[in-house]
2 protein chains.
Amino acid sequence: MELNPKILENIRKVEPYVPGEQPQNRVIKLNTNENPYPPAPGVVEAVRNMDVDRFRLYPDPTASSLVNALSEYYGVGEDQVFVGVGSDDVLSMCFLTFFNSDKPVLFPDITYSFYKVWAELYRIPYVCPEVDEGFRIRREDYYRENGGIIFPNPNAPTAIYEELDFVEDIVSRNQDVIVIVDEAYIDFAGRSALELLDKYKNLLVVQTFSKARSMAGMRIGYAIGAPELIKYLNDVKYSFNSYTMNQPSLVYGVEAVKDKAYFEETVGRIIETREWAKKELKELGFVFPDAKANFIFATHPEYDAKELFEALKKENIYVRYWGSRRIEQYLRITIGTREEMEELFSFLKRYK
Amino acid sequence: MELNPKILENIRKVEPYVPGEQPQNRVIKLNTNENPYPPAPGVVEAVRNMDVDRFRLYPDPTASSLVNALSEYYGVGEDQVFVGVGSDDVLSMCFLTFFNSDKPVLFPDITYSFYKVWAELYRIPYVCPEVDEGFRIRREDYYRENGGIIFPNPNAPTAIYEELDFVEDIVSRNQDVIVIVDEAYIDFAGRSALELLDKYKNLLVVQTFSKARSMAGMRIGYAIGAPELIKYLNDVKYSFNSYTMNQPSLVYGVEAVKDKAYFEETVGRIIETREWAKKELKELGFVFPDAKANFIFATHPEYDAKELFEALKKENIYVRYWGSRRIEQYLRITIGTREEMEELFSFLKRYK
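Residues numbered from 1 in each chain as written. Chains lettered and ligands numbered in written order. Predicted model: local features only at pLDDT ≥ 70, side-chain atom pairs only at ≥ 80, totals over all residues. Heavy atoms only, no water.

This paragraph deals with the interface of chain A and chain B. Of the residues lining the interface, 92 residues belong to chain A; the matching set on chain B comes to 91 residues. Buried surface at the junction of chain A and chain B, summed over both partners, amounts to about 7,600 Å²; 58% is from carbon and sulfur atoms. Taken together, the connections running from chain A to chain B amount to 43 residue pairs in polar contact (both at pLDDT 80 or more). For the side of chain A that touches chain B, the secondary structure elements donating two or more residues are helix H1 (5-9), helix H2 (41-48), helix H4 (86-98), helix H5 (114-121), helix H7 (227-240) and helix H8 (247-258) of chain A. Sort the elements by how many residues they give to the side of chain A that touches chain B and H7 of chain A lands first, with eight residues. Class assignment of the residues belonging to the side of chain A that touches chain B gives a composition of 47 nonpolar, 24 polar and 21 charged. (Contact = heavy atoms within 4.5 Å. Buried area = accessible area lost by both parts, 1.4 Å probe. Polar contact = N/O pair within 3.5 Å; in protein donor to acceptor, adjacent residues only side chain to side chain. Helix = DSSP H or I, 4+ residues; strand = E, 2+ residues; numbered from the N terminus. Nonpolar A, V, L, I, M, F, W, Y, C, P; charged D, E, K, R; others polar.)

Written out as structure tokens, the structure reads:
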């Protein structure tokens, strides 16, 4: 029995995003920028003490406990925080809510690949200015007329961090549109654009629990911005699904935010491992832009990236390889534990 | 500091759906069709045994453990099951994926209010044929040309269940479009349209963990249909967010599906309470269509529905009231435990 061709006509066909491999066997997993350390101890306790009977009820649609924890942590109003099912959910809602213009949205040619997918899904015109030969965003490219701007800082997959004056320059020159700074990796990098929120109402900062907070498996992301923007985001969110955040996300999320000491300790350890890993990679002849995220975007003048990627995979070491234009010879290597990185380097020292 | 009016121009404004009240204090909560019984004992155990370290990793993007559990339970292929963050997420994806025509989508005037919200959000034309004076869907209204059809069975908020031949009549006469049967309440009612899947490729059946499976707080819903349809749904889903189902949903969801005996026992108890509650309501002079869901949609010739709603609320008994056209004098009462219903009736006996 075939599908009726008339049905096919009215189906929306999209080119789906291909996520990084999620091998289910035991491997050294340096391919999707996860945190090598477990969530905060308070999360473990919250899991053990979970009131399971509460699952029969709908969760709080306003996610107020989690919103409140984030607003306290960042010293912003509760009406300035929007939460969603991972920063992908938050960013997708932002595209739908704020990029509703006929003018093109701008984002770099080398960046998080989901931006293009959402723009196409929502039929938003877009233009992708090329990053320079060192993979840096050229700020002048964002001075032209546009329907909105989005870029990650640090950028992905390059790990390049731009200082706050660079970000402010783009935000301040585009006060007629929304500028979204996607700060998934900010905790490994430097100052956040959150500092600019008091000055700019057109700025939205998006962050996630998936990286520095060790909670990729919980799917929690958030946006912080002016109350008016957050209100519009919530209106769109409620029109999809009133209850997007399940009860465990709400309860465990709060615990992950609370424990600042644990957060700083594990982030510190990852940065330490990264700085050491950079030295090791350099000694091995690898070349990479200065990495300020929990990953390094590296190439080697003598190795073919795809061959190295495959060789690593045979050793059960997973890194990320795209093979797309301009980055055919690059691998993205997530910072794991010191021990995991040592295994990686021990293989690289034997390679070729 | 005001929001720049130019920014406002390009923001998508939607009329958000208003969910039922979620009082946080101790009340008799008969307003959002939740299950009065806790999730299956296996869920409690899974919560206690959760591997919290796993939270640091992304969940399986294909949700294969949950898809597998559902495919085994319903005796369908794994490629016939799509899972999402509650049936709202699933239905919203279905609207976006399948209702992509210039012809109007059809759904009843009195039905789940989210259908209208999604149609407007995605700018899908729609027509809402009126249900008859007894609130029954008129099947002839669905014989006209259209871009797709969706209706709940049992319908909400009327609780009216239509037999399988009625559903099949609509599905078979509309083989050029997708017909979605929203079976959120089917386990309290009768035969599911799942039986028709072998015959019709244009049929999609959507169900949820929020009602009969006592897991509203976990946000799990699913669609079952032809593999081709499920593939298109997954493509759209991956273009939003690769990882919509968090780790607890995947692990606890499987446990909720496994325990058939507990499921049947608690559903049986709710049906028993409902049948008794119908008799009690009748004796008190209430009038209602025969209720086949876990709620009763009732009116009383001598009471004003809004006044009764407010009076109940003062007693900390929450039911649902809309006051919208044709149903101004109706209340939707969720079936709680026998004890909760006794408190409701004890108040109603004293009322006026």
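Now that the structure has been shown, the text picks up again.
Time to look at the UniProt feature "domain: Aminotransferase class I/classII large" (unreviewed entry) in chain A. The feature "domain: Aminotransferase class I/classII large" (unreviewed entry), as given by UniProt, occupies residues 26-346 of chain A in the numbering adopted here. As a span, residues 26-346 of chain A carries 37% helix and 12% strand, and end to end its C-alpha atoms are 18 Å apart. (UniProt positions renumbered as here; feature names shortened; annotations may be inferred.)

Quick look at helix H11 (residues 338-350) of chain A now. All names here are of chain A. In this model, H11 (13 residues) spans 19 Å end to end at C-alpha, consistent with the 18 Å of a helix rising 1.5 Å per residue. Considered for burial, the residues of H11 that qualify are Glu 340, Met 341, Leu 344, Phe 345, Phe 347 and Leu 348. What you see down the axis of H11 is that its buried residues fit within an arc of 160 degrees, all on one side. Facing away from the buried side of H11, by more than 90 degrees, are the exposed residues Glu 339, Lys 349 and Arg 350. Contacts from the buried residues of H11 go to strand S1 (28-29), helix H9 (260-283), helix H10 (305-314), strand S10 (317-318) and strand S11 (331-334). (Expected span 1.5 Å × (residues − 1). Buried < 20%, exposed > 50% of the residue type's maximum accessible area, 1.4 Å probe, protein only. Arc of directions from axis to C-beta.)

For the rest of this paragraph, the subject is the environment of Asn 202 of chain A. Within the secondary structure layout, Asn 202 of chain A lies in the loop between strand S6 (179-182) and strand S7 (203-208). The buried category is assigned to Asn 202 of chain A, whose relative accessible area is 2%. In sequence terms Asn 202 of chain A and Val 179 of chain A are 23 residues apart; their C-alpha atoms lie 6.0 Å from each other. Leave out the neighbours within four places in its chain, and Asn 202 of chain A touches Val 171, Asn 174, Gln 175, Val 177, Ile 178 and Val 179 of chain A together with Ile 7 of chain B. Among the polar contacts listed, one links the side chain of Asn 202 of chain A to the backbone oxygen of Val 171 of chain A, at a separation of 3.1 Å. At a separation of 2.8 Å, a polar atom in the side chain of Asn 202 of chain A contacts the main-chain carbonyl oxygen of Asn 174 of chain A.

Counting 193 residues, the largest nonpolar core has Tyr 252 of chain A together with Tyr 252 of chain B as its most contacted members. Ignoring sequence-local partners within four residues, the contact set of Tyr 252 of chain A consists of Val 43, Ala 46, Val 47, Met 50, Met 215 and Met 218 of chain A together with Phe 55, Pro 248 and Tyr 252 of chain B. Membership of the second largest hydrophobic core comes to 72 residues, among which are Val 117 of chain A together with Cys 94, Val 117 and Ala 223 of chain B. (Core = buried A, V, L, I, M, F, W, Y, C linked by side-chain atoms within 4.5 Å.)

What follows concerns the domain arrangement of chain A. All names here are of chain A. The domain architecture assigned to chain A consists of domain 1 (5-39 + 261-350) and domain 2 (43-259). Counting every contact that joins domain 1 to domain 2 gives four salt bridges. The salt bridge partner of Arg 326 is Glu 130, with a shortest N-O separation of 3.7 Å. The tally of links between domain 1 and domain 2 comes to 17 residue pairs in polar contact (both at pLDDT 80 or more). (Domains from an automatic or database assignment. Salt bridge = Lys/Arg side-chain N within 4 Å of Asp/Glu carboxyl O.)

Now for the relation of the copies chain A and chain B. Note on the identical chains: chain A maps onto chain B by a rotation of 180 degrees and an axial translation of 0.0 Å, with an RMSD of 0.0 Å. What the superposition gives is, in effect, a two-fold axis relating one chain to the other. Residues of chain A ranked by C-alpha distance from the rotation axis are headed by Arg 48 of chain A, positioned 2.7 Å from it. Same-surface contact between copies: 99% of interface residues of chain A are shared with the interface of chain B. (Least-squares fit on C-alpha atoms with pLDDT ≥ 70 in both.)

With that out of the way, let us pick up unusual backbone geometry. The linkage connecting Asn 153 of chain A with the following residue, Pro 154 of chain A, adopts the cis geometry, with an omega of -5 degrees. Examined against the element boundaries, Pro 154 of chain A turns out to sit in the loop between strand S5 (149-152) and helix H6 (164-172). Cis geometry is found at the peptide bond from Ala 156 of chain A to Pro 157 of chain A, where omega equals 0 degrees. Structurally, the position occupied by Pro 157 of chain A is in the loop between S5 and H6. Even without being glycine, Phe 135 of chain B reaches a positive phi, approximately 70 degrees. Along the chain, the position of Phe 135 of chain B falls in the loop between strand S4 (126-127) and strand S5 (149-152). Residue Arg 326 of chain B is not a glycine yet carries a positive backbone phi of 80 degrees. For Arg 326 of chain B, the location among the structural elements is in the loop between strand S10 (317-318) and strand S11 (331-334). Under the relative-accessibility criterion, Arg 326 of chain B is labelled partly exposed at 23%.

Bringing the UniProt feature "modified residue: N6-(pyridoxal phosphate)lysine" (unreviewed entry) in chain A into the picture now. In this numbering, the UniProt entry assigns the feature "modified residue: N6-(pyridoxal phosphate)lysine" (unreviewed entry) to Lys 211 of chain A. Along the chain, Lys 211 of chain A turns up in the loop between S7 and strand S8 (221-225). Ignoring anything within four residues of it in the chain, the contact list for Lys 211 of chain A reads Thr 32, Asn 33, Asn 35, Ala 184, Tyr 185, Phe 188 and Asn 294 of chain A together with Tyr 58 of chain B.

The subject of this paragraph is helix H6 (residues 164-172) of chain B. Regarding H6 of chain B, the residues found buried are Leu 164, Phe 166, Val 167, Asp 169, Ile 170 and Val 171 of chain B. As for H6 of chain B, its buried residues are in contact with S5, strand S6 (179-182) and strand S7 (203-208) of chain B.

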